[in-house]
Amino acid sequence: MAIVKMKKMYLLGLKKDLNRFLDALQRLEAVEIADIEEEEGGSSKIAAEFSDLEAKLSRLKFAIEFLKPYTKEQNPLLYGRPKVSLEKLRELSSREGEIFEVVDAVYGLEQRLSRLKTEEGRIGNQIELIKPWEALDIPVEDLGTTGRVDLKAIYVPKKNFKGLMDRAKETELPLEVIPVGEGREDNLALIVYHSSVRAEVQEICKEFSVNTEEFSGFTGTPAEIIRSLKERLEAIEVERKNIKEEIGKLADKILDLKAVYDYWLLEKEKKENLQKMADTEKIFAMKAFVPENSMEAIKKAVNSVTDVVYIDFVDPTEDDDIPVLLSNSRLVQPFEIVTELYSLPSPREIDPNTVMAFFYFVFFGMMVSDAAYGLVLSLLTGLALWKLKLQGSGKKLVELLFLGGISTFVWGMVFGSWFGDLITIKPLWINPLDDPMAVLYLSFAMGLVHIYAGIILKAYKDVRSGNVAGALMDEGLWLVFLTGLIMLAFPATMGIAKYVALAGAVGLVLTQGRSQKSIIKKFTSGLLSLYNVTSYLSDVLSYSRLLALGLATGVIATVINTMARMLGVNIVGYIAMVIILVVGHVFNIAVNALGAYVHDSRLQYIEFFGKFYDGGGRAFDPLRMKTEYLDLEDS
């Protein structure tokens, strides 16, 4: 259990050396710069530079993401990210003008593609609108009023069209309606009438909800218009193809764009930290948190820049917001993700990961408890760790599942489960399906050990903080009382158990109300504290999930095997049997591994951490060489 001890560093130097100091500390990745409580000098200039950097990064990001679909990149998960040296990054950043010419070209091509897409959509709508009129053999520019005759293209709701046709035949007005075609909801037609009866025709049109099609901006017959629009669509496709060829040529520059992006990202990191520092015209002051074991390396890095510098390391005060950096063994590190998802420990408490990792490992395997499943899980996750370039939390999670597979294999052998009952191998101890009560008692026993560990860690915390009396009167007496109650369950210890439990109970009654002022309140509070034993009882019952999840895994596996065996009667049945076995068991492994991860985490968070753990820590976030697209080569 190790939380790295932090020191507070003060650094004063000449402002002309500031960038070189930041470069050296950034490469070291061991210094978290803190806000210094001084009036900031030059903040407006730094803010302007920071804003300019963000604008550059935004434009580069757009260009990179735009070009990605046009490049053939190796999957970074399989092959890792491309590597580049810091010197190469600086060399490319010196060609900023050339790089941003590429960015400007990308923006231009994107705008051209966007315009083509807009035009293509508009033309598509126009074709859809004019298509029903394709049978009209009159140029649309001839529609309207021609001398004494009005000639219009109309569309009429289908339910009204017959009525309109009948009215046109019955009326004595110089009016004719000529059907042209049909749309989805309307009938299309030409209406021809003498200009002198325009008012009467308009009344008829209102009666039958007649609308006029204008064809604004078009010339020629509808068929000619559609042909012209389709030719434009073909031209758009050719133009789009040419643009994509231009994009393909620019895509060769994507690695340079990524390199420059990562360079400016490093610079942004420095600018962010510059805003936390104080300076005058000639000097600067920096306050930072550093791991105690990195002090000598930091001194060496600082002195490599210049000797004209003042550096001092002091212990943080109680008021300091100290960051948390964990340092655990290689076997414990994967389990840190469980604690990180809950909350990092406070810098002034203990790191629970070593103890928690042991219990998490044991409980995970017991919840899945199939030896073959454990082998499959460890083989798959081991292959992923070998072949994939995993980093950060993703890598920790896969490592945790790998170790969980090992625990599952061990418990599977103990319980004799190999793909359920598919492979019959005698259990090393007991089959949960044959004697579930024995496994239930084992689950409760392991839960008690887990809870006791939490109480003991709370006592250890109290002793560390100087509260020895609290450790004895609180955690110590509860351990005595609970132990006495447990001993009552065994006939061999029943005689002494009642005295142990009574001693613990009396001690709790006399001490748990010690913070109260009056004797009556002290006694009442102490007496009521015994009710907390129900909380411990419910905690113990929670560990029945160890049996429940293990049984669920075995029962589902057995059902899958039974279903598969029922099909093994002919060649087709054997093929179906294999498919059911493979798909079913893979599904069972995935579901129960997920269930084990969730329920195991829940036992740690509620039953274990609830006994002693405060959390609330803030992760150590040093100035670092943090890139997004490329990995930096060691220099």
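Worth saying up front: this structure is predicted, and the values here are computed from it rather than measured. (Residues numbered from 1 in each chain as written. Predicted model: local features only at pLDDT ≥ 70, side-chain atom pairs only at ≥ 80, totals over all residues. Heavy atoms only, no water.)

Student: Is there a simple way to explain the nonpolar core in this structure?
Tutor: One recurring pattern in soluble globular proteins is that nonpolar side chains are buried together. Membership of the largest hydrophobic core comes to 60 residues, with the highest contact counts inside it found for Tyr360, Phe363, Phe364 and Leu400. Here this core takes 10 residues from helix α12 (residues 353-368), the largest share from any one element. If sequence neighbours within four positions are ignored, Leu400 has contacts with Pro334, Phe335, Ile337, Val338, Tyr360 and Tyr597. Ile123, Ile127, Leu190 and Ile254 belong to the second-largest nonpolar core, a separate cluster that totals 51 residues. (Core = buried A, V, L, I, M, F, W, Y, C linked by side-chain atoms within 4.5 Å. Buried < 20%, exposed > 50% of the residue type's maximum accessible area, 1.4 Å probe, protein only. Helix = DSSP H or I, 4+ residues; strand = E, 2+ residues; numbered from the N terminus. Contact = heavy atoms within 4.5 Å.)

Student: What exactly am I supposed to notice about the pairing of strand β6 (residues 175-182) here?
Tutor: The two faces of the sheet receive side chains in turn, since in a regular strand these alternate between them. Where β6 and strand β7 (residues 186-194) come together, seven bridges link them in antiparallel fashion. Bridging from a neighbouring strand, Glu176 pairs with Val192 of β7. Taking the residues that link successive antiparallel strands as the turn, the β6-β7 hairpin has three residues. (Pairing = 2+ DSSP bridges.)

Student: Quick question: what am I supposed to make of the environment of Thr171 here?
Tutor: Mapped onto the fold, Thr171 is located in the loop between α6 (158-170) and β6. In terms of polar contacts, Thr171 uses its side chain to reach the backbone amide nitrogen of Leu173, at 3.1 Å. (Polar contact = N/O pair within 3.5 Å; in protein donor to acceptor, adjacent residues only side chain to side chain.)

Student: Where do I start with the confidence of the model for the protein chain in this structure?
Tutor: Model confidence for the protein chain is summarised by a mean pLDDT of 92, while 98% of its residues fall at 70 or above. Every residue in residues 38-42 is under pLDDT 50, and counting partners more than four places away or in other chains gives six contacts. (pLDDT = per-residue confidence, 0-100.)

Student: Help me out: how do you make sense of the domain arrangement of the protein chain in this one?
Tutor: Reports often express the size of an interface as the amount of accessible area lost when the parts come together. What the domain assignment lists for the protein chain is domain 1 (1-42 + 275-325), domain 2 (43-125 + 226-272), domain 3 (144-214) and domain 4 (333-610). Centre-to-centre, using C-alpha coordinates, domain 3 lies 83 Å away from domain 4. (Domains from an automatic or database assignment.)

Student: Explanation requested: the packing of aromatic side chains in the structure shown.
Tutor: Two descriptors summarise a pair of aromatic rings, namely the distance from one centre to the other and the angle between the planes of the rings. A complete count under the given rule lists 26 aromatic pairs for this structure. Ring centres of Phe62 and Phe66 lie 6.1 Å apart, and the angle between their planes is 15°; on these two criteria the pair is classed as stacked. Linking Phe62 with Phe66, this pair stays in helix α2 (residues 43-67), spanning four residues, or about one helical turn. Where Trp478 meets Tyr536, the ring centres are 5.1 Å apart and the plane angle is 45°; that geometry is what we call tilted. With Trp478 in helix α16 (residues 468-487) and Tyr536 in helix α19 (residues 533-542), this residue pair connects regions lying 58 residues apart in the sequence. A relative accessible area of 6% places Trp478 in the buried class. When its relative accessible area of 15% is taken as the criterion, Tyr536 is described as buried. Three or more aromatic residues joined by ring pairs form one cluster here, namely Tyr342, Phe358, Phe359, Phe363, Tyr543, Tyr605, Phe608, Phe609, Phe612 and Tyr613. One Lys or Arg, Lys56, reaches over the ring of Trp264 and ends 4.1 Å from the middle of that ring. The ring of Trp386 is capped by Lys387, whose NZ or CZ atom sits 4.3 Å from the centre of that ring. (Phe/Tyr/Trp six-rings, centres within 6.5 Å; stacked < 30°, edge-to-face > 60°. Lys NZ or Arg CZ within 6 Å of the ring centre and 35° of its normal.)

Student: How do you make sense of a nonpolar patch on the surface when you look at a structure like this?
Tutor: A surface patch of nonpolar side chains, about 760 Å² in accessible area, is lined by Ile571, Val572, Ile575, Val578, Ile579, Val582, Val583 and Val586. Assignment of secondary structure puts Val578 in helix α21 (residues 571-612). (Patch = residues over 30% accessible without salt bridge, like charges linked within 9 Å, V, L, I, M, F, W, Y side chains within 5 Å. Areas by Shrake-Rupley, 256 points an atom, 1.4 Å probe, with all protein chains shown as cover. Salt bridge = Lys/Arg side-chain N within 4 Å of Asp/Glu carboxyl O.)

Student: Would you take a moment to explain α6 for this structure?
Tutor: Residues separated by three or four positions in an α-helix point in the same direction, a consequence of the helix having 3.6 residues per turn. Buried within α6 we find Asn160, Phe161, Leu164, Met165 and Ala168. Along the axis of α6, the buried positions cluster into a sector of 145°, meaning they face one direction only. In α6, the exposed positions angled more than 90 degrees off the buried face are occupied by Lys159, Lys162, Lys169 and Glu170. Considering only its buried residues, α6 is in contact with β5 (149-157), β6, β7 and α7 (198-207). (Arc of directions from axis to C-beta.)

Student: Looking at this structure, I do not really get the pattern of salt bridges. What am I missing?
Tutor: Proximity of charged atoms lets side chains of opposite charge pair with each other. Enumeration according to the criterion identifies 48 salt bridges in this entry. For the salt bridge of Asp23 with Lys270, the shortest nitrogen-to-oxygen distance reads 2.4 Å. A residue pair is termed long-range when its members are at least 10 positions apart, and Asp23 in helix α1 (residues 18-28) and Lys270 in helix α9 (residues 254-274) qualify at 247 residues. For Asp23, a relative accessible area of 18% translates into the label buried. Of the residues examined, Lys270 reaches a relative accessible area of 5% and is grouped as buried. A salt bridge links Arg240 to Glu120, with the shortest nitrogen-to-oxygen separation between them at 2.8 Å. Taken together, the residues span a long stretch of sequence, with Arg240 in helix α8 (residues 222-251) and Glu120 in helix α5 (residues 96-130) at a distance of 120 residues.

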